[in-house]
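A look at the structure
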Amino acid sequence: MSTVDLIRHVKLSTARLPLAVPISDAKVFTGRQKPMTEVVFLFAEITTELGHTGVGFSYSKRAGGPAQYAHAKEVAGGIIGEDPNDIAKIYTKLLWAGASVGRSGVATQALAAIDIALYDLKAKRAGLPLAKFLGSYRDSVQTYNTSGGFLNASLEEVKARATQSIEEGIGGIKIKVGLPDSKEDLRRVAGIREHIGWDVPLMVDANQQWDRATALRMGRQLEQFNLVWIEEPLDAYDFEGHAHLAQVLDTPIATGEMLASVAEHKGLISANSCDIIQPDAPRVGGITQFLRLAALADERGLGLAPHFAMEIHLHLAAAYPREPWVEHFDWLDPLFNERLETKNGKMIVPDRPGLGITLSDQARAWTTESVEFGA
């Protein structure tokens, strides 16, 4: 006979993770953004009356972190006394509590930390890694490194980091493109392809900085490098432009990380705008929403390569029917006591229950605000 358990306590906290060096992608070089110096996190820690616990997080780069925390703080008290099994019910309750400011973007990113914490709790209570709890297809996922390929690094630095990544068991390398000087983009891609050889998977990411003509021209010139994909060649909402590129280029088109709801991803999928979809669970509202759009993507036969947050996305990718990729970033390492293992080009699903992460003392030290609800 099952025992009724209810949510007793919720703690929200926001922390600022400083980056070792300012990070620049094409949006910096086109003047649209400043270099990134920190990532702001929203953590949710949930405890039930029977002592079960779960932790989840959302995040924001450059701006928006305080807004996520403020919104979560307004609605989180509403889950006290709820059955933690009823994750979809809880998500809907919180969604409508703040619906006057919308059902995407900050409003749902604030809920993502709570939603993810509830999945972590439920899987831990079952004694299973989240991937196994969801129903995994694999115990490891192809992985590629992004954090070593930003445009603030020289080509020689990118080469050195690529070598290090491969030696650490990471399978693929992604580098940033989208500079105002397209010849420099091509020089960097040619340099890294020559350095890593033709057997190592290579991807490029323009971070939405090309117009349609440039994207088509660059896409054709990049065909020679046998890329796994070209990422975000156009504005994230240019579904028609992405669809044209996907149709005429041999190299697969990947996009989706900047979309902030299932509804937006449905537009992307319906327009046949990509070959590989790149949703971000914290950005679309959590695991409840991610699973909805993953089902839609699989129905269309799309590849999957979730954006950032490998601590969450490794589990979700392992539960996707088609062979996916997961993005390796070492930026978040100081936040957690555990590390994810990479071997022979893949990231290993940990055998620890739930997400398999606990917040570190450093994460606590970087916390700037927190609030608690319940006993």
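What counts, and at which threshold
- Residues numbered from 1 in each chain as written.
- Predicted model: local features only at pLDDT ≥ 70, side-chain atom pairs only at ≥ 80, totals over all residues.
- Heavy atoms only, no water.
- UniProt positions renumbered as here; feature names shortened; annotations may be inferred.
- Helix = DSSP H or I, 4+ residues; strand = E, 2+ residues; numbered from the N terminus.
- Buried < 20%, exposed > 50% of the residue type's maximum accessible area, 1.4 Å probe, protein only.
- Arc of directions from axis to C-beta.
- Contact = heavy atoms within 4.5 Å.
- Core = buried A, V, L, I, M, F, W, Y, C linked by side-chain atoms within 4.5 Å.

**Brief notes about the UniProt feature "domain: Mandelate racemase/muconate lactonizing enzyme C-terminal" (unreviewed entry) in the chain**
If you check UniProt for "domain: Mandelate racemase/muconate lactonizing enzyme C-terminal" (unreviewed entry), the listed places come out as residues 155-252 in our numbering. Span residues 155-252 is 50% helix and 12% strand, its end C-alpha atoms 24 Å apart.

**Quick look at helix H10 (residues 262-270)**
The α-helix advances 3.6 residues per turn, and as a result positions three or four apart in sequence lie on the same side. All buried positions along H10 are accounted for by Val-262, Glu-264, His-265, Leu-268 and Ile-269. Angularly, the buried residues of H10 cover 155° about the axis, an arc narrow enough to put them on a single face. Those residues of H10 hidden inside the fold are in contact with helix H9 (239-248), strand S8 (253-255), strand S9 (276-277), helix H11 (281-284) and helix H12 (287-299). Looking one or two residues past H10, Asn-272 carries a phi angle of roughly 55°, positive in sign.

**A look at the nonpolar core**
If you look at the biggest cluster of nonpolar residues, it comprises 70 residues, and the most contacted ones within it are Leu-12, Phe-41, Ile-46, Phe-57, Ile-114, Trp-331 and Leu-332. Among the elements that line this core, the one with the most residues is helix H4 (residues 106-126), at 11 residues. Not counting the four nearest positions on each side in its chain, Ile-114 is found in contact with Leu-12, Ala-44, Ile-46, Ala-76, Ile-79 and Leu-94. Of all hydrophobic cores here, the second largest spans 27 residues; its members include Val-158, Ile-192, Ile-196 and Leu-249.

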